[in-house]
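# Observations on the three-dimensional arrangement
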Amino acid sequence: MKDKYRAVEVSEPGVLRVVEREISEPRPGQVRIRVEACGICYTDSATVTGAYPGLTLPRVPGHEVVGRIKALGSGVSKWKIGQRVGVGLIAGEDGVCEPCRRGDTVNCENPVVSGVTVDGGYAEVMIAEARAVASVPDELTSAEAAPLLCAGITTYNALRNAGLRGGDLVAVQGIGGLGHLGVQFARRMGFHTVAIGRGREKEKLAKDLGAHVHIDTSADNPATVLKRMGGARAILTTATSGDAMGPLVSGLAVRGKLIVVGVPQDPIQLNAFPLVFGGRSVYGSLTGTAIDQEDTLAFSVLENIRPMIETVPLEQAADAYARMMQGKARFRMVLLTKDGVAQSAKPAA
């Protein structure tokens, strides 16, 4: 076995470079993964720009990671060599903070964060906490599964935990990396699904993804249209524009929920009137646990939900990252190692 592997690290803010690193052995409770695919997420920008508080460089970004276990640290009994697994953003917890003690490990105050506090998946090899990995079904290629570990679980968990019922009117704002999956999940969960996007050219895409209705924000006020439809029980906001999110509250039904999963740089400004008169609410939703990831993957297989992806070799990570940041990706960029290229060439089971 080679004792070195290739990785793409942030050597200084804004600089992604290909390097060779020594392969290390997993510590107790850890596994070593031979990476096949890693999705590129907008959240990676916090690492690439050096903006994440307390970030130490150099650091390998990436938190939509799929690969095969090649080594087990002591004390690891659940996983076996050769198993295909995935690792998401929250890749471990301290177990002692108050959220952890209350069972809310996703909101751990001192989490292990892939690509931030530890090296992530822009690499041929990754060390991960065994408790934070998820099994990947054979029906999904590694490239398909990778974005489901972040964009997928984020939208899936937000919708399934919102207290909705089949037939409820649910809108998804934005038809991008998060939104194109949110529309699919909403439709397959049995909701009356409305996609909110800008431009008539997105209508066909929205309908193909499963939306019953498409609202073109360049022609109509989405809140007004939603009110005419009786109001949305939930609006999942995925496009990173606070200016566009705030006014959507008026399109909610009584007790409706605005669920924020896309994180805008600008503030979300709210009118208190529709919040107070009608008991509407606004809250955020963040990813999920490893078992939630397995649920997301299983539901995606069950309902034939797949991300729309573009794949590129690992060595082209800088160009792929730039394409994502420029909004040119349709809709998720996925890095493939040589192992990932070989795996993607095989038909899914």
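For the structure, check the block above.
These lines cover the structure that appears in this document, whether it is placed above or below. What you are looking at is a predicted structure, and each value in this text was computed from that prediction instead of being measured.

## Considerations on the overall build of the protein chain
- When its secondary structure is counted, the protein chain shows eleven helices and 15 strands.
- The C-alpha atoms of the protein chain give a radius of gyration of 20 Å, which matches the 20 Å a tight globule of 349 residues would have.
- Its C-alpha atoms give the protein chain principal-axis dimensions of roughly 65 × 45 × 40 Å.
- Among the 349 residues that make up the protein chain, the fraction classed as buried is 53%.
- Accessible area for the protein chain stands at about 15300 Å²; split by element, carbon and sulfur atoms hold 49% of it.
- Here the protein chain carries 39 positive and 36 negative side-chain charges, and the mean point of each set is 4 Å from the other.

## Some thoughts on the pattern of salt bridges
- Scanning all chains against the criterion turns up 21 salt bridges.
- Across the salt bridge formed by Arg34 and Asp339, the nearest N and O atoms sit 3.4 Å from each other. With Arg34 in strand E3 (residues 30–40) and Asp339 in helix H11 (residues 338–344), this pair connects stretches of sequence that are 305 residues apart.
- The class of Arg34 is buried, set by a relative accessible area of 19%.

## Considerations on the sheet that holds strand E11 (residues 232–237)
- The strand order across the open sheet formed by six strands is E10-E9-E8-E11-E12-E13, and the pairing between neighbours is parallel. Taken across any chain shown, the strands that pair with only one partner, and hence form the sheet edges, are strand E10 (213–216) and strand E13 (281–284). Strand-to-strand twist of the sheet, defined as the mean angle between neighbouring strand axes without regard to direction, takes the value 20 degrees.
- Note that strand E8 (residues 169–173) and E11 share four bridges and pair parallel.

## Some thoughts on the packing of aromatic side chains
- Taken as a whole and judged by the stated rule, the model has four aromatic pairs.
- Aromatic side chains Tyr156 and Phe299 sit 5.3 Å apart centroid to centroid with 35 degrees between the ring planes, which places their arrangement in the tilted category. Of this pair, Tyr156 sits in helix H3 (residues 142–160) while Phe299 sits in helix H9 (residues 290–302), and the two are 143 residues apart along the sequence. With respect to burial, Tyr156 and Phe299 carry one shared label: buried.
- Where Phe185 meets Phe299, the ring centres are 6.1 Å apart and the plane angle is 35 degrees; that geometry is what we call tilted.

## Some remarks on the layout of surface pockets
- Size it by volume and the second largest pocket reaches roughly 360 Å³.
- What lines the second largest pocket is a set of 20 residues, and nearest its centre among them are Ser24, Val118, Asp119, Met126 and Ile127.
- Contributing elements (two or more residues each) for the lining of the second largest pocket: strand E2 (15–22), E3 and strand E6 (125–129).
- No other element matches the five residues that E6 contributes to the lining of the second largest pocket.

## What about the nonpolar core?
- Counting residues in hydrophobic clusters, the biggest one holds 40 residues, and the most contacted among them are Leu159, Phe185, Met189, Phe191, Leu236, Ile259 and Leu297.
- Of all elements in the fold, only H3, E8, helix H4 (179–188), helix H5 (203–209), E11, H9 and strand E15 (332–336) reach the threshold of two or more residues within this core.
- A total of nine residues in this core trace back to one element, the largest contributor, which is H3.
- Among residues more than four places away in sequence, those in contact with Ile259 are Ala158, Ala162, Ala234, Ile235, Leu236, Thr237, Tyr283 and Ser285.

## Considerations on empty space enclosed by the protein
- For the structure on display, the rule yields one cavity of 30 Å³ or more.
- Looking at the largest cavity, its volume works out to about 40 Å³.
- Lining the largest cavity are Thr43, Asp44, Thr47, Pro61, Gly62, His63, Leu89, Ser114, Gly115 and Val116.
- Among the residues forming the lining of the largest cavity, the class breakdown is three nonpolar, six polar and one charged.

## So, a nonpolar patch on the surface
- Nonpolar side chains collect at one region of the surface, where Phe273, Val276 and Phe277 lie side by side and expose about 360 Å² of accessible area between them.
- Overall, Phe273 belongs to the exposed group, its relative accessible area being 53%.

## Quick notes on H4
- Most of H4 is tucked away, with eight of its ten residues classed as buried.
- For H4, the full list of buried residues reads Gly179, His180, Leu181, Gly182, Val183, Gln184, Phe185 and Ala186.
- The first or second residue beyond H4 is Gly190, which carries a positive phi of 90 degrees.

## Considerations on H9
- For H9, built from 13 residues, the straight-helix expectation of 18 Å at 1.5 Å per residue is met to within 8% by its first-to-last C-alpha distance of 18 Å.
- Every buried residue of H9 is listed here: Ala290, Asp292, Gln293, Thr296, Leu297, Phe299 and Ser300.
- Asn304 sits one or two positions beyond H9 and adopts a positive phi of about 55 degrees.

## What to know about the packing of H3 against H9
- Running from N to C, H3 and H9 point in directions that differ by 95 degrees, and their axes come no closer than 9 Å. In terms of orientation, H3 lies roughly perpendicular with respect to H9. From H3, Ala145, Leu148, Leu149, Gly152, Ile153, Tyr156, Asn157 and Arg160 reach across to H9, where they touch Asp292, Gln293, Asp295, Thr296, Leu297, Phe299 and Ser300.
- For the contact of H3 with H9, the per-class residue count stands at seven nonpolar, five polar and three charged.

Cut-offs used in this document
Residues numbered from 1 in each chain as written. Predicted model: local features only at pLDDT ≥ 70, side-chain atom pairs only at ≥ 80, totals over all residues. Heavy atoms only, no water. Helix = DSSP H or I, 4+ residues; strand = E, 2+ residues; numbered from the N terminus. Rg over C-alpha atoms; globule rule 2.2 N^0.38 Å. Buried < 20%, exposed > 50% of the residue type's maximum accessible area, 1.4 Å probe, protein only. Areas by Shrake-Rupley, 256 points an atom, 1.4 Å probe, with all protein chains shown as cover. Lys, Arg positive; Asp, Glu negative; His and termini not counted. Charge placed at Lys NZ, Arg CZ, Asp CG, Glu CD. Salt bridge = Lys/Arg side-chain N within 4 Å of Asp/Glu carboxyl O. Pairing = 2+ DSSP bridges. Axes fitted to C-alpha atoms, helices over the stretch in contact; angles between N-to-C directions. Phe/Tyr/Trp six-rings, centres within 6.5 Å; stacked < 30°, edge-to-face > 60°. 1 Å grid on protein atoms, 1.4 Å probe; cavity = no way out; pocket = protein on both sides within 12 Å on 5 of 7 lines; lining within 4 Å. Points joined across faces, edges and corners; volume = space filled by probe spheres on them. Core = buried A, V, L, I, M, F, W, Y, C linked by side-chain atoms within 4.5 Å. Contact = heavy atoms within 4.5 Å. Nonpolar A, V, L, I, M, F, W, Y, C, P; charged D, E, K, R; others polar. Patch = residues over 30% accessible without salt bridge, like charges linked within 9 Å, V, L, I, M, F, W, Y side chains within 5 Å. Expected span 1.5 Å × (residues − 1). Parallel < 35°, antiparallel > 145°, perpendicular 65-115°, else oblique.

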